[in-house]
Amino acid sequence: MTSIEIGSHRIGPGHRPFVIAEMSGNHNGSLERALRIVDAAAASGAHALKLQTYTPDTITIDSTAPEFRLSADHGLWGGQTLYELYRKAHTPYAWHRPIFERAAEHGLTVFAAPFDPTAIDLLESLGAPAYKIASSELVDLPLIRLAAATGKPLILSTGMARVAEIADAVDVARGAGATQIILLACTASYPAPPEDTNLRRIPVLAETFGVQAGLSDHTPGLGAAIASVALGATVIEKHLTLAGADGGVDSAFSLTPAQMRDLVDETGRAWRALGASRIGPTPSELEGLRFRRSLYVVADVQAGDEVTTANVRSIRPAHGLPPVELDRLRGRRFTRDAAKGTPMTFDLV
């Protein structure tokens, strides 16, 4: 599978997973805090920072009608209107340039999920190296067409989507010129229960659509994200906050900087552990091969003594005959004296 480049990073099965730290609304309405999240993402070793580029007026309208209100029993945002939620969570357009500039100071790749054409215009003016389409926008084919027409890598989240809807989005993206597409398995609930994560769909997405696949993860902790590496995830996205106790719209399912560092380290370790499908000794096991079991003389013997389990046993190291030969040797006679610690050979009997 061809590698994809975002910023200075190459993404694909031959490279460690590309870890994206999602800021989302964890800035809590403060540009100073947003910049501190940029600093924390860079310090954690995350490969990219991702923003969400919208205003409450570009993503919805200010309405209190029931269809514009979250269910009362929603665990995090129950009873709020969409406008209220997005007013608190949005990253103002005016903040984007200072955020991009702070990321550049760290050498940190930064891009965003646009939610309407004005967002794409803004991000193009800032030189965003890639685009992410959020799960709820996967059905907004005109938006996908605009993002794909930039010719930049396109990451599509597939939360809630049926196969036909994903196919439509991929077809539109390719038709508009996108050649570097990554699909992310995603469970669009916040936080997401692990049992609904369905990591086994990751290789299905890759094989069905001929693209790279990864995970946009909203489960608590690191387990699901690390496990996704074994199923071929080349991209992993998790939300980042400075501290869970600080609150915020996404803090309940966000990682702290220390956890993000662990995610980067452990997904890299998991990727290295995939190795190859061959079975047999590895280079790191060569020393261990010297210490496998074999047959040794374990008590001083003289020529003519009978081989018994008292004077010949299977022990470590591996310089004697294989242990399976003990039955053939038992009852035979030694042809010469042998000291304790002599590896057994057939010419000794």
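Structure's up top.
Report on the accompanying structure.

Thresholds applied
- Each chain has its residues counted from 1, following the order in which its sequence is written.
- Only residues with pLDDT of at least 70 are given local features in this predicted model, and only at 80 or more are side-chain atom pairs given and counted; all residues enter the totals for whole chains, interfaces and linings.
- Values shown for side chains rest on all heavy atoms present in the structure; no hydrogens or waters enter the calculation.
- In this scheme Phe, Tyr and Trp rings, the latter by its six-membered ring, pair at centre separations within 6.5 Å, and the angle between planes marks the pair as stacked below 30 degrees, edge-to-face above 60, and tilted otherwise.
- Put simply, DSSP H or I for four residues or longer makes a helix, DSSP E for two residues or longer makes a strand, and each gets a number counted from the N terminus.
- The cut-offs for exposure are 20% and 50% of the maximum accessible area for each residue type, with area from a 1.4 Å probe on protein chains only; residues under the lower value are buried, those over the upper are exposed, and the others partly exposed.
- In these notes, a set of buried Ala, Val, Leu, Ile, Met, Phe, Trp, Tyr and Cys residues joined through side-chain atoms within 4.5 Å is what counts as a nonpolar core.
- By definition, residues are in contact when any of their heavy atoms lie within 4.5 Å.
- By arc we mean the arc of the directions from the helix axis to the C-beta atoms, nothing more.
- The term salt bridge refers to a side-chain nitrogen of Lys or Arg lying within 4 Å of a carboxyl oxygen of Asp or Glu.

## Structural notes on the packing of aromatic side chains
For the structure on display, the rule yields 3 aromatic pairs. Summarising the aromatic geometry, the rings of tyrosine 54 and phenylalanine 115 are spaced 5.1 Å apart at their centres and angled 70° between planes, so their arrangement reads as edge-to-face. Of this pair, tyrosine 54 sits in the loop between β4 (48-53) and α2 (56-59) while phenylalanine 115 is found in the loop between β5 (109-114) and α5 (117-125), placing the two residues 61 residues apart along the sequence. Summarising the burial analysis for this pair, tyrosine 54 and phenylalanine 115 share the class buried. Considering the side-chain rings of tyrosine 190 and phenylalanine 253, the 5.4 Å spacing of their centres and the 45° angle between planes classify their relative orientation as tilted. Here tyrosine 190, found in the loop between β8 (181-186) and α8 (201-209), pairs with phenylalanine 253, found in the loop between β10 (235-239) and α10 (257-274); they are 63 residues apart in sequence, far enough to count as distant. Overall, the relative accessible area of 25% leaves tyrosine 190 in the partly exposed class. Taken together through their ring pairs, the aromatic side chains of Tyr54, Tyr86 and Phe115 make up a single cluster.

## Structural notes on the nonpolar core
Ranked by size, the top nonpolar core spans 62 residues in total, and within it Leu49, Ile99, Leu154, Leu156 and Leu183 carry the most contacts. By residue number, the principal contributor to this core is helix α1 (residues 31-44), which donates 6 residues. Apart from the residues within four sequence positions on either side, leucine 156 is in contact with Ile133, Leu138, Ala169, Val170, Ile181, Ile182, Leu183 and Leu184.

## Considerations on α8
All of the buried residues along α8 are Ile202, Leu205, Ala206 and Phe209. An end-on view of α8 places all buried positions within 100° of arc, on one side of the element. Looking at the buried side of α8, the elements it contacts are α7 (163-175), β8, β9 (212-216) and α9 (223-230). At the exit of α8 stands glycine 210, carrying a positive phi of roughly 65°.

## Structural notes on the pattern of salt bridges
Using the criterion set out here, one finds 17 salt bridges in the structure. A salt bridge links glutamate 32 to arginine 36, with the shortest nitrogen-to-oxygen separation between them at 3.9 Å. Taken together, the positions of glutamate 32 and arginine 36, both in helix α1 and 4 residues apart, correspond to about one turn of that helix. For glutamate 32, a relative accessible area of 46% translates into the label partly exposed. Residue classification places arginine 36 among the partly exposed positions, given a relative accessible area of 42%. In this structure, glutamate 266 and arginine 269 form a salt bridge, with 2.5 Å as the shortest nitrogen-oxygen distance.

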